[in-house]
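As a plain string of letters, each chain reads:
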Amino acid sequence: MSLEALSADGLPPLREVVRRHGLEPKKALGQNFLFDLNLTGRIARSAGALEGVTVVEVGPGPGGLTRALLAAGAKRVVAIERDPRALPALAEIAAHYPGRLDVIDADAVGFDPRPLVGDGPVRIVANLPYNVATVLLTGWLGAETRDERWPPWWESATLMFQREVAERIVADESDRANYGRLGVLCGWRTQATILFDVAPSAFVPPPKVTSSIVHLRPRPEPLPCRIAALERITRAAFGQRRKMLRQSLKAATPDPARLLAAAGLPETARAEEIPVAGFVALARALEAEGS
């Protein structure tokens, strides 16, 4: 291949990589590839200065974002990829950046990367597969494992979601249409911000929805409560979100009135009206009941 055909990072254009390795995106794997290296570079920069940082990436596919992260100076990238077709393409990137890219052939759902990241700061940066994005996020927040340890092993997460999911992540009681269990969990343990949108035309194949880049930074000291209690309360409250809490919380406790009184909340309130601190108070009251 001539030098003129190479990209700015000295590697072949992504379209050529995909063609050569037969990497047609698979819908079953939630794959939508980004070929625009200017856009992947913007995503990498959104994660902040990467010098000295280990980055965990999920679903790198042909490696567009992987290349941007390495070009931006990441000390190491730990890329978790379940599609074996992508491994040869990622191996080419690893050869181009010796000692800086570790490719893990695994399903990221349920996978613990902590033994692989070593010392120093760790950030998660990923164009997440849409079909597992929420599961991965809630896992990193400790909801899947009921992990009470906090702050977590990562110092920030810069992630791509469908726009509607991104709105749910950052929502609070001022955005009642999008506020729900995900917003409470993310608002409790992190500060979450939508950075920018990505149009469907940026992907191959183009999804039917707009995507958004969300940046999450862990709160060093979230309001204290046990995650299992918070999950139980929010599941009950938002499971019947049109009902008043004195009714919806019957799914969590036999005496909602006493729970609401202990938390200092009105019985006539509905779930979407309660701030994160209110749900934490309810969770603590539930713990005190021993329910």
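Residues numbered from 1 in each chain as written. Predicted model: local features only at pLDDT ≥ 70, side-chain atom pairs only at ≥ 80, totals over all residues. Heavy atoms only, no water.

Trainee: Tell me what's going on with the packing of helix α8 (residues 181-189) against helix α12 (residues 276-289), and back it up with residues and numbers.
Mentor: The interhelical angle for the contact between α8 and α12, taken along N-to-C directions, is 95°, at an axis separation of 9 Å. Viewed along their axes, α8 and α12 adopt a mutual orientation that is roughly perpendicular. Touching Gly183, Val184, Gly187 and Trp188 of α8 are Val276, Phe279 and Val280, all from α12. For the contact of α8 with α12, a count of residues per class yields 5 nonpolar, 2 polar and no charged. (Axes fitted to C-alpha atoms, helices over the stretch in contact; angles between N-to-C directions. Helix = DSSP H or I, 4+ residues; strand = E, 2+ residues; numbered from the N terminus. Parallel < 35°, antiparallel > 145°, perpendicular 65-115°, else oblique. Contact = heavy atoms within 4.5 Å. Nonpolar A, V, L, I, M, F, W, Y, C, P; charged D, E, K, R; others polar.)

Trainee: Got a sec to walk through the sheet that holds strand β9 (residues 211-218)? Specific residues and values, please.
Mentor: The sheet built from 7 strands is open, its strands ordered β4-β3-β2-β5-β6-β9-β7 with mixed pairing. Looking at which strands have only one partner, the edges of the open sheet turn out to be β4 (101-105) and β7 (190-198). Direction aside, neighbouring strands of the sheet carry axes that sit 20° apart on average. Here helix α6 (residues 133-140) sits on the sheet in contact with β2 (54-58), β5 (122-127), β6 (156-162) and β9, set at roughly 160° to β6. (Pairing = 2+ DSSP bridges.)

Trainee: How would you explain the UniProt feature "domain: Ribosomal RNA adenine methylase transferase N-terminal" (unreviewed entry) in the chain if you had to name every residue and give the values?
Mentor: Under the present numbering, the feature "domain: Ribosomal RNA adenine methylase transferase N-terminal" (unreviewed entry) in UniProt falls on residues 39-220. Each end of residues 39-220 is marked by a C-alpha atom, and these two atoms are 31 Å apart; helix forms 30% of the span and strand 26%. (UniProt positions renumbered as here; feature names shortened; annotations may be inferred.)

Trainee: Which residues make up unusual backbone geometry, and what values go with them?
Mentor: With omega at 0°, the peptide bond leading from Trp150 into Pro151 counts as cis. Take Pro151: it is sitting in the loop between α6 and β6.

Trainee: Give a description of the packing of α8 against helix α9 (residues 227-239) that names residues and reports values.
Mentor: Running from N to C, α8 and α9 point in directions that differ by 150°, and their axes come no closer than 9 Å. One way to sum up the angle between α8 and α9 is to call them roughly antiparallel. Considering the relative orientation of α8 and α9, their crossing is right-handed. Every residue of α9 that contacts α8 at Arg181, Val184, Leu185, Trp188 and Arg189 is listed here: Ile227, Leu230, Glu231, Thr234, Arg235 and Phe238. Of the residues belonging to the contact of α8 with α9, the class tally is 6 nonpolar, 1 polar and 4 charged. (Left-handed = near helix turned anticlockwise from the far one by under 90°.)

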